[in-house]
Amino acid sequence: RYWQERLDIFGPDRAFLPLDLTGNGALEQNDILSLQAGFPALLPKTKLGQQVVLVDRRQHVPFLTIQNRWRSAFYLANILAKDEHAQTEGVWILNI
């Protein structure tokens with residue numbers, strides 16, 4: 001299921017490239033711009049060690065597409081999926 005979702009989101013040309021912030025992998029430059037703008041953003045963990053994701057719509061860059069946002073969200077979800085504490089304790093998502 002993971003690879004099918006990744007293929008759907010990134011397309012056949014980029015789905016199987018490394019998921020990193022180099023601009024040469026699965027993420028395009030505009031996907032990285034979305035992350036740099038903070039839409040969405042991974043905040044520091046809480047005192048209890050829980051991950052926090054901020055979705056601040058004010059940080060949305062107008063020329064970015066919904067696909068850029070989906071790929072950015074997939075990147076953060078991939079990071080969170082690797083965090084054992086997030087797997088067992090969950091993640092806070094702040095949507096403003």
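Here is what the cut-offs are and how they apply
Residue positions are given per chain, counting from 1 as you read along its sequence in written order. Since the coordinates come from a predicted model, pLDDT governs what is reported: local features require at least 70, and pairs of side-chain atoms require 80 or more to be given and counted, while whole-chain, interface and lining totals use all residues. Excluded from the side-chain calculation are hydrogens and water; included are all heavy atoms of the structure. Per-residue confidence from the predictor is given as pLDDT, running between 0 and 100. Counting from the N terminus, the helices are DSSP H or I runs at least four residues long and the strands are E runs at least two residues long. The pairing test for Phe, Tyr and Trp rings, Trp by its six-membered ring, is centres within 6.5 Å, and the orientation test on the planes gives stacked under 30 degrees, edge-to-face over 60, and tilted for anything in between. Each residue's exposure class comes from its accessible area (1.4 Å probe, protein chains only) as a fraction of the maximum for that residue type: buried when under 20%, exposed when over 50%, partly exposed otherwise. Two conditions define a charge located above a ring, namely a distance within 6 Å from the ring centre to NZ of Lys or CZ of Arg, and an angle within 35 degrees of the ring normal.

This part takes up the confidence of the model for the protein chain. Scored by pLDDT, the protein chain comes out at a mean of 91, with 100% of its residues at no less than 70. Looking over the protein chain, one finds the lowest element-wise mean pLDDT in helix α4 (residues 84–89), namely 89, and the highest in helix α1 (residues 2–10), namely 96.

For any pair of aromatic rings, the description consists of the separation of the ring centres together with the inter-plane angle of the planes. Within this structure, the stated rule accounts for four aromatic pairs. On the basis of an interplanar angle of 85 degrees and a centroid distance of 5.0 Å, the ring pair of Tyr 2 and Trp 3 is categorised as edge-to-face. When the centroid spacing of 5.6 Å and the interplanar angle of 25 degrees are considered together, the rings of Trp 3 and Phe 16 count as stacked. Residue Trp 3 is located in helix α1, and its partner Phe 16 is located in the loop between α1 and α2 (29–37); the two are separated by 13 residues in the primary sequence. Residue Phe 16 is classed as exposed on the basis of its relative accessible area, which comes to 55%. Within the aromatic cluster, the residues linked to one another by ring pairs are Tyr 2, Trp 3, Phe 10, Phe 16 and Phe 74. Here Arg 6 stacks its cationic end above the ring of Phe 10, 5.9 Å away from the centre of that ring.

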